Each structure stands twice: as C-alpha cells, then as structure tokens.
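# A look at the structure
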Amino acid sequence: MCNRIGYLGFINPMIYILFIYWYPIKQNKSFFLIIAFLLGFTIDIFSDTLAFHTAATTTIAFLRPSIMRFCFGVNYDFQNFKLSNVPRLQQITYLAFLVFIHHTVFFLLEVFSFANYILILKKILVVSIVSLVLCILFSSLFSVKKE
C-alpha cells in the first residue's frame, strides 16, 4: 500500500470532509455517525482502500463536537448557533482540525508502521495543506454571502 503514487493522488477523495463540516449541528448524533460511516465505506469501496476512509471519517464525525467546542467555545452549545455566523478564521480553524485529524488517521492506517514516520509526516502535512486549501475554495464557492 505504501507505493510511490505521490501525494496528489490522495487529494480528490479528501474533499468529502466538507460533508462533515457542513452537516447541521443540532441533528441526531447517532444518525450522523451512521451517515459518516456509510460515506467513508462508500468511498472505500470505490477507491479500493481497506476501510481507511471509513475509520478516518467515523473518527472525525465522533470527535466533531469536541473540536467544535474547542474552536467555538461556549457559543457551540447555544440553540441559535450557525457556522455561517462565526468569524472566518474560526471556520478555517475548525476545518483545519477536521482535515488534519482525518489525514492523520488515514495515513497512519495506510502506512501502519512507525518505521516510516517521516513519510507519514510528509503525507499528512502536504495532503492536509492542499486539502485544506481546496476545501476553503469549495466552501467559499458555495457559501451564502452576507449582506
């Protein structure tokens, strides 16, 4: 699995993290975990990976409330909280945590050896930065403009 495909070969499927980012906050959390699992499982089936996407997607879906509480503080617990109402820097921080945690789990499972820790760190950093930039571009493309 640890062949020299290159870092850019993993970027296309990594944009699905935006689903976790955009999923409504006050929805049923159990249903959200099931949907995240099925999303990762579907991507694993079509990309022929051994449940790497499933594990990474389910992990960030499970950790999402903690990440949101860290990024947004007590504002996250209020009923009228909307992601579009928080400052852009907090949104990018939240997205960066999701991307970084996802890629860390994904590449640790892919390489599955700490003997190649430099390779793992390179992949995590390069693909996280490129995925974050692409996610920011997509999210700004599809965001609602405030007047």
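Shown above is the structure to which this text applies.
So, here is what we can say about the structure in this document. (Residues numbered from 1 in each chain as written. Predicted model: local features only at pLDDT ≥ 70, side-chain atom pairs only at ≥ 80, totals over all residues. Heavy atoms only, no water.)

## Section: the side chain of Ser 128
In this fold, Ser 128 is placed in helix α5 (residues 117-141). A polar side-chain atom of Ser 128 sits 2.5 Å from the main-chain carbonyl oxygen of Ile 124. In contact with Ser 128, not counting residues within four places along its chain, are Val 99, Phe 100, His 103 and Lys 123. (Helix = DSSP H or I, 4+ residues; strand = E, 2+ residues; numbered from the N terminus. Polar contact = N/O pair within 3.5 Å; in protein donor to acceptor, adjacent residues only side chain to side chain. Contact = heavy atoms within 4.5 Å.)

## Describing the pattern of salt bridges
Under the defined criterion, the tally for this structure stands at one salt bridge. For Glu 110, the salt bridge identified is with Lys 123, shortest N-O distance 3.2 Å. Taken together, the residues Glu 110 in helix α4 (residues 88-111) and Lys 123 in helix α5 connect sequence positions 13 residues apart. On the basis of relative accessible area, Glu 110 is assigned to the buried category, the value being 6%. (Salt bridge = Lys/Arg side-chain N within 4 Å of Asp/Glu carboxyl O. Buried < 20%, exposed > 50% of the residue type's maximum accessible area, 1.4 Å probe, protein only.)

## Here's the deal with the nonpolar core
Of all hydrophobic cores here, the largest spans 25 residues; its most connected members are Ile 20, Tyr 21, Phe 72, Tyr 94, Leu 95 and Leu 98. When contributions to this core are tallied by element, the ones reaching two or more residues are α1 (17-22), α2 (29-47), α3 (52-72), α4 and α5. Here Phe 72 is in contact with Phe 81, Leu 83, Val 86, Gln 90, Gln 91 and Tyr 94, once residues within four sequence places are set aside. Val 105, Phe 106, Val 111 and Val 127 belong to the second largest nonpolar core, which has 10 residues in total. (Core = buried A, V, L, I, M, F, W, Y, C linked by side-chain atoms within 4.5 Å.)

## What to know about the packing of α4 against α5
Relative to each other, α4 and α5 sit at 140°, their axes nearing to 8 Å. The pairing of α4 with α5 is recorded here as oblique in orientation. For the pair α4 and α5, the sense of crossing is right-handed. Contacts from Arg 88, Ile 92, Leu 95, Ala 96, Val 99, Phe 100, His 103, Thr 104, Phe 107, Leu 108, Glu 110 and Val 111 of α4 reach α5 at Leu 119, Ile 120, Lys 123, Ile 124, Val 127, Ser 128, Ser 131, Leu 132, Cys 135, Ile 136, Ser 139 and Ser 140. Grouping the amino acids of the contact of α4 with α5 by side-chain chemistry returns 15 nonpolar, six polar and three charged. (Axes fitted to C-alpha atoms, helices over the stretch in contact; angles between N-to-C directions. Parallel < 35°, antiparallel > 145°, perpendicular 65-115°, else oblique. Left-handed = near helix turned anticlockwise from the far one by under 90°. Nonpolar A, V, L, I, M, F, W, Y, C, P; charged D, E, K, R; others polar.)

## Examining unusual backbone geometry
The phi torsion of most residues other than glycine is negative, and most of the peptide bonds are trans. You will see that Asp 48, though not glycine, has its phi angle at about 55°, which is positive. Counting through the fold element by element, Asp 48 comes out in the loop between α2 and α3. With a relative accessible area of 62%, Asp 48 lands in the exposed category. If you check the backbone angles, Ala 51 has positive phi at about 65° while not being a glycine. Of note, Ala 51 is situated in the loop between α2 and α3.

## Remarks on the packing of aromatic side chains
Tallied over the full model, the rule gives nine aromatic pairs. Both rings, one in Phe 52 and one in Phe 106, keep their centres 5.9 Å apart while their planes meet at 90°; by these two values the pair is edge-to-face. Taken together, the positions of Phe 52 in helix α3 and Phe 106 in helix α4 put the pair 54 residues apart, joining distant regions of the chain. Summarising the burial analysis for this pair, Phe 52 and Phe 106 share the class buried. Counting every residue linked through ring pairs, the aromatic cluster contains Tyr 21, Trp 22, Phe 72 and Tyr 94. (Phe/Tyr/Trp six-rings, centres within 6.5 Å; stacked < 30°, edge-to-face > 60°.)

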